[in-house]
Amino acid sequence: EPIEQNKLIFYPAIRSEWLVAIAENNPLAQDGALNAKAGCPKLPLIQLQDVPFIGMTQNTFSHDLQLSLARQAGFTPLTVYETSNVYLSRDMTRILSGYTFLPADRCVAGCGLRYFSSDPPCYTAPGFYLRKNLEITDSFAYFLYLLTAKLLENEPLYPDVTCLSPFLTGLLNRFGGSAYV
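Residues numbered from 1 in each chain as written. Predicted model: local features only at pLDDT ≥ 70, side-chain atom pairs only at ≥ 80, totals over all residues. Heavy atoms only, no water.

Structural notes on the sheet that holds strand β2 (residues 8-12)
Spatial ordering of the open sheet is given by β1-β2-β9, a layout of three strands whose pairing is antiparallel. The outermost strands of the open sheet, each flanked by one partner alone, are β1 (3-5) and β9 (127-131). Direction aside, neighbouring strands of the sheet carry axes that sit 25° apart on average. Examined bridge by bridge, β2 and β9 share five bridges and lie antiparallel to one another. Bridge pairing links I9 to L130 in β9. (Pairing = 2+ DSSP bridges. Helix = DSSP H or I, 4+ residues; strand = E, 2+ residues; numbered from the N terminus. Axes fitted to C-alpha atoms, helices over the stretch in contact; angles between N-to-C directions.)

Spelled out as structure tokens, the structure:
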């Protein structure tokens, strides 16, 4: 749903779940999914309090999100490595037999990891800020459609963990695109 803020309206684009990725050789990973498409079982985060954590670099949204999730679960993560690169985070999780949080579109098979939905689940929603009362002409709507189509080339949607906002779904339908790849 659009969110009004001062003179702007924020239109969420894609709602994506951040999943817990655990190294396959960690006993907690036994029942995990092989990828985000596989339907990820829930994992209470408190079970991770003594597991090495590979986090994102401090002073970033991802770092704050990860820290907040652990604290809400009642613990401070045992951080052993930090990086600003999601792919490196994924690799270091496997190497250090730890866990990390990854956006669903980065949770793929063959990486030596198993995936879980955190309990409670965590979602992010990047999007567009538009000026209030901005007339969305056909040409501007088409521009937003092109941006969305380009985004979807690099950020595939998986129905169980990501979804396109109603606003952008309407644009795709209007111009003949498909949200799921």
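Quick word on the pattern of salt bridges
Inspection of the entire model under this criterion finds three salt bridges. Among the ionic pairs, K132 bridges to E4, the shortest N-O distance being 3.2 Å. With K132 in the loop between β9 and α3 (138-154) and E4 in strand β1, this residue pair connects regions lying 128 residues apart in the sequence. In this structure, E24 and R114 form a salt bridge, with 3.3 Å as the shortest nitrogen-oxygen distance. (Salt bridge = Lys/Arg side-chain N within 4 Å of Asp/Glu carboxyl O.)

Here's the deal with the packing of aromatic side chains
By the definition in use, this model includes five aromatic pairs. Aromatic pair Y99 and F101: ring centres 6.0 Å apart, planes at 85°, arrangement edge-to-face. For the pair Y99 and F101, a shared accessibility class is recorded, and that class is buried. Aromatic ring contacts, followed pair by pair, group F53, Y99 and F101 into a single cluster. (Phe/Tyr/Trp six-rings, centres within 6.5 Å; stacked < 30°, edge-to-face > 60°. Buried < 20%, exposed > 50% of the residue type's maximum accessible area, 1.4 Å probe, protein only.)

Here we look at a nonpolar patch on the surface
Together, L78, V80, I95 and L96 give the surface a local cluster of nonpolar side chains, amounting to about 340 Å² of exposed area. Secondary-structure assignment places L78 in strand β6 (residues 78-83). (Patch = residues over 30% accessible without salt bridge, like charges linked within 9 Å, V, L, I, M, F, W, Y side chains within 5 Å. Areas by Shrake-Rupley, 256 points an atom, 1.4 Å probe, with all protein chains shown as cover.)

Observations concerning the nonpolar core
Ranked by size, the top nonpolar core spans 17 residues in total, and within it V20, I22, L45, L48, Y99 and F101 carry the most contacts. Residue assignment for this core shows that the elements contributing at least two residues are β3 (14-23), α1 (61-73), β7 (99-103) and β8 (113-124). Once residues within four sequence positions are removed from consideration, I22 is found in contact with L28, A29, L43, L48, T93, G98, Y99, G112, L113, R114 and F116. I9, Y11, L168 and L171 belong to the second largest nonpolar core, which has 13 residues in total. (Core = buried A, V, L, I, M, F, W, Y, C linked by side-chain atoms within 4.5 Å. Contact = heavy atoms within 4.5 Å.)

Some words on unusual backbone geometry
Phi at S97 takes a positive value of approximately 55°, unusual for a residue other than glycine. With respect to the helices, strands and loops of the structure, S97 is situated in the loop between α2 (86-95) and β7. Given the relative accessible area of 23%, S97 is considered partly exposed. Even without a glycine there, the phi angle at N133 is positive, about 65°. Looking at where N133 falls in the secondary structure, it is placed in the loop between β9 and α3.

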